[in-house]
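# Residue-level structure breakdown
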Amino acid sequence: MMQTILPLPTIQNWDCHTCGTCCKEYLVTVSPGEAKRIVDQAWTKEELGGLEPLRITGGWFSKKTVLNHKSDGSCVFLDDGGRCKIHAKHGYDSKPLPCKLFPFILIPTGRGWSVGMRYACPSASASLGRPMPEHLVDLRKFAEELLVREAMPTNELGTCAKVTPPLVEGNPGLEWEKVFAMAKGLTIPLLDREVPLGLRMFRVFHLASDLRKAKLTNLETIKIEELCTILAKHLPASVTASNRDQTAKPNWIGRVLFRQLAAICLRKDHGPNRGVADQGRLALLGAAWAFVQGKGSVPKMHKWLPEADFRLGEEAVEALPMEVERIFERYYLMKLGSLQFCGPTFFNMPFWEGIDLTLLIYSVQMWLYRILKNAMSETEAAQKALSIVDDHYGFNRVLGTFRQRLAYQILGATNQIERLVAWYGR
Ligand code: SF4
């Protein structure tokens with residue numbers, strides 16, 4: 001059955017520019033059907049530099065088949081010109097689904113697929129290529145393939161039968177229309193280009209806080225939309241730049257938990273951009289301790305990190321250049337608008353917990369932007385900050401562990417999320 005793709009945003013462009021980053025950085029898991037297709041393609045060892053096309057990885061209970069990798073970590077099918085050998089010899093459709101789908105993310109909503117984006121792809125973070133709506137035909141095909149590949153249950157609309165994420169843990173989910181209405185409502189402050197991005201994100205935090213207090217479960221969708229509009233309309237009067245500047249600095253708990261989150265979001269252990277992980281576990285332990293202390297040089301958890309002192313990340317920035325504002329604005333409009341921040345594509349997190357983590361991720365990106373812009377252009381620093389951190393957004397399981405979720409709750413309960421958004425948005 002033809003799959004429904006929900007309206008695609010026009011703010012984001014993309015096309016593959018064959019940089020090969022994804023083929024060097026990720027381990028691609030293949031389904032039994034895709035593994036058989038590759039075996040049937042009868043690759044010889046001569047064609048693959050003496051290597052097998054596939055290998056089994058994982059522990060006793062988590063065995064999976066992946067595309068084999070060369071000693072430098074790149075995919076066994078990546079040729080010297082940065083092209084895929086499967087694509088070149090057997091055509092685009094013969095590639096495993098994850099390779100075709102990247103950097104798009106299909107988010108099942110029960111009434112169609114919402115589409116998110118992975119900014120670990122440099123073309124996505126720089127918004128290079130055709131507007132997203134021009135990828136509609138491919139996205140429909142990917143959604144059909146994904147349903148079959150993952151044996152997903154379907155509903156009466158023939159699309160993936162997914163339940164909505166709850167607002168908070170343990171509560172029943174709202175209807176999809178309401179979830180979209182709330183997510184869309186949260187983007188209202190982001191669209192106000194009259195004020196700097198830092199203040200817009202501070203207002204997103206406050207709008208979320210106000211909405212959390214409302215009894216949304218009993219409201220109709222149209223009432224939720226009206227409520228978001230009314231609350232957002234009053235924000236400019238009640239949440240000002242001076243409120244933000246007078247917000248207290250994050251306290252030591254906030255700073256330690258924030259830096260611990262930053263360390264997780266910077267860490268690169270695989271591929272050509274891996275950082276201190278290259279030097280072994282002891283070096284990683286030393287780096288983790290440096291992040292707890294927050295003094296001296298920032299350990300190179302990722303190869304793109306320049307030499308920098310922790311103090312640099314705490315300095316206020318002059319107004320962000322327009323181009324940089326647009327980069328971050330696009331990123332957060334995409335994350336909120338696509339619902340990538342909660343549910344099945346985000347550690348099965350409830351709606352509000354996903355918003356909390358997204359606001360914390362914003363703080364990490366702004367901290368990282370400060371570090372990077374000292375060594376490169378501001379635009380490049382913004383794009384790299386997105387790429388580095390987004391690599392983990394919804395994909396690094398550590399971010400969804402019990403321990404981390406407890407950390408976000410502590411940060412929320414002690415008002416540190418508000419302080420962090422204010423501090424790094426200034
Ligand atoms: S990282 Fe993006 S641009 Fe580079 S090869 Fe992969 S999909 Fe193409």
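Since the model is a prediction, treat every value here as computed from it, not as a measurement.

Before going further, it helps to spend a moment on the overall build of the protein. Counting its secondary structure elements, the protein contains 17 helices and six strands. Taken over C-alpha atoms, the radius of gyration comes to 22 Å for the protein, in line with the 22 Å a tight globule of 426 residues would show. For the protein, the C-alpha atoms occupy an extent of roughly 65 × 55 × 40 Å along the three principal directions. The buried share of the protein, reckoned over its 426 residues, is 53%. Counting only contacts in the protein whose residues sit at least 6 apart along the sequence, the fraction spanning at least 24 positions is 73%. Of the side chains in the protein, 53 bear a positive and 44 a negative charge, and the two mean positions are spaced by 4 Å.

Moving on to the pairing of strand β5 (residues 113-117). Most of β5 is tucked away: five of the five residues are buried. Here β5 shows a buried face lined by Trp-113, Val-115 and Met-117 and a second buried face lined by Ser-114 and Gly-116. Bridge analysis of strand β4 (residues 104-108) against β5 gives five bridges, and the strand direction is antiparallel. Across the sheet, Leu-106 pairs through a bridge with Val-115, a residue of β5.

Right, let's get into the nonpolar core. Residues Leu-106, Phe-351, Trp-352, Leu-357 and Trp-367 are the most contacted members of the largest nonpolar core, which totals 117 residues. Top contributing element to this core by residue count: helix α14 (residues 351-372), with 15 residues. Residue contributions to this core reach at least three from each of two domains, namely domain 1 (13-44 + 51-149) and domain 2 (164-426). Excluding its chain neighbours within four sequence positions, the residues that come into contact with Phe-351 are Pro-166, Leu-167, Val-179, Met-182, Ala-183, Leu-186, Phe-341 and Cys-342.

Moving on: the packing of helix α8 (residues 197-213) against helix α9 (residues 221-238). Interaxial distance between α8 and α9 falls to 10 Å at its minimum, and their mutual angle equals 135°. Looking at the two axes, α8 sits oblique to α9. Read as a crossing pair, α8 and α9 show a hand that is right-handed. Along the contact surface, α8 presents Arg-203, His-206, Leu-207, Asp-210 and Leu-211, while α9 presents Leu-227, Cys-228, Leu-231, Ala-232, Leu-235 and Pro-236.

Within the structure, the ligand sits among Trp-14, Cys-16, His-17, Thr-18, Cys-19, Gly-20, Thr-21, Cys-22, Phe-102, Cys-121, Pro-122 and Ser-123. Only α1 (21-25) and α5 (122-125) provide two or more residues apiece to the shell around the ligand. Classifying every residue of the shell around the ligand by side-chain character gives seven nonpolar, five polar and no charged.

Taken as a whole and judged by the stated rule, the model has 17 aromatic pairs. Seen from their ring centres, Phe-258 and Tyr-424 are 4.6 Å apart, and the 20° between their planes marks the pair as stacked. Here Phe-258 is found in helix α11 (residues 252-266), whereas its partner Tyr-424 is found in helix α17 (residues 416-424), with 166 residues between them in sequence. On the accessibility criterion, Phe-258 (1% relative accessible area) is buried. Since its relative accessible area comes to 2%, Tyr-424 is described here as buried. By the ring-pair criterion, three or more aromatic residues cluster together here, those being Tyr-119, Tyr-331, Tyr-332, Phe-346, Phe-347, Tyr-362 and Tyr-393. When the ring centre of Phe-395 is taken as reference, the NZ or CZ atom of Arg-118 above it lies at 3.4 Å. Directly above the ring of Trp-304 sits Lys-384, whose terminal nitrogen or CZ lies 4.5 Å from the centroid.

Let's shift gears to α14. The end-to-end C-alpha separation of α14 is 31 Å, in line with the 32 Å expected for 22 residues at 1.5 Å each. Along α14, 22 of the 22 residues are buried, which leaves the element largely enclosed by surrounding structure.

As a further point, take the state of the cysteines. Tallying each qualifying case throughout the model produces zero disulfides. Between Cys-84, a cysteine without a disulfide, and Cys-99, which holds the nearest cysteine sulfur, the sulfur-to-sulfur distance is 6.5 Å.

With that settled, the discussion passes to a nonpolar patch on the surface. On the surface, a nonpolar cluster with roughly 310 Å² of combined accessible area is contributed by Phe-402, Leu-406 and Ile-410. Position of Phe-402 among the secondary structure elements: in helix α16 (residues 402-413).

The next subject is the pairing of β4. Put simply, side chains in a regular strand alternate between the two faces of the sheet. Counting buried positions along β4 yields five of five residues, so the element is predominantly enclosed. Hairpin remark: β4 followed by β5, antiparallel, with four residues in the connecting loop; positive phi at Gly-110, about 85°.

Bringing the pattern of salt bridges into the picture now. Counted under the stated rule, the structure contains 28 salt bridges. Within this structure, Arg-193, Arg-200, Glu-325, Arg-326 and Glu-329 form a network of salt bridges that share partners.

All right, on to the environment of Arg-140 then. Within the element layout of this structure, Arg-140 appears in helix α6 (residues 136-149). Judged by its relative accessible area of 25%, Arg-140 is partly exposed. In sequence terms Arg-140 and Lys-303 are 163 residues apart; their C-alpha atoms lie 36 Å from each other.

Both trends apply: most residues other than glycine have a negative phi, and most peptide bonds are in trans. Pro-103 follows Phe-102 through a cis peptide bond whose omega is 5°. The residue Pro-103 is located in the loop between α4 (97-101) and β4 in this model. Its identity as a non-glycine residue notwithstanding, Phe-347 has a phi of 55°, on the positive side. One can find Phe-347 in the loop between α13 (322-338) and α14. By relative accessible area, Phe-347 is classed as buried at 17%.

The rules behind the values
- Residues numbered from 1 in each chain as written.
- Predicted model: local features only at pLDDT ≥ 70, side-chain atom pairs only at ≥ 80, totals over all residues.
- Heavy atoms only, no water.
- Helix = DSSP H or I, 4+ residues; strand = E, 2+ residues; numbered from the N terminus.
- Rg over C-alpha atoms; globule rule 2.2 N^0.38 Å.
- Buried < 20%, exposed > 50% of the residue type's maximum accessible area, 1.4 Å probe, protein only.
- Contact = heavy atoms within 4.5 Å.
- Lys, Arg positive; Asp, Glu negative; His and termini not counted.
- Charge placed at Lys NZ, Arg CZ, Asp CG, Glu CD.
- Pairing = 2+ DSSP bridges.
- Core = buried A, V, L, I, M, F, W, Y, C linked by side-chain atoms within 4.5 Å.
- Domains from an automatic or database assignment.
- Axes fitted to C-alpha atoms, helices over the stretch in contact; angles between N-to-C directions.
- Parallel < 35°, antiparallel > 145°, perpendicular 65-115°, else oblique.
- Left-handed = near helix turned anticlockwise from the far one by under 90°.
- Near = heavy atom within 4 Å.
- Nonpolar A, V, L, I, M, F, W, Y, C, P; charged D, E, K, R; others polar.
- Phe/Tyr/Trp six-rings, centres within 6.5 Å; stacked < 30°, edge-to-face > 60°.
- Lys NZ or Arg CZ within 6 Å of the ring centre and 35° of its normal.
- Expected span 1.5 Å × (residues − 1).
- Disulfide = S-S within 2.5 Å.
- Patch = residues over 30% accessible without salt bridge, like charges linked within 9 Å, V, L, I, M, F, W, Y side chains within 5 Å.
- Areas by Shrake-Rupley, 256 points an atom, 1.4 Å probe, with all protein chains shown as cover.
- Salt bridge = Lys/Arg side-chain N within 4 Å of Asp/Glu carboxyl O.

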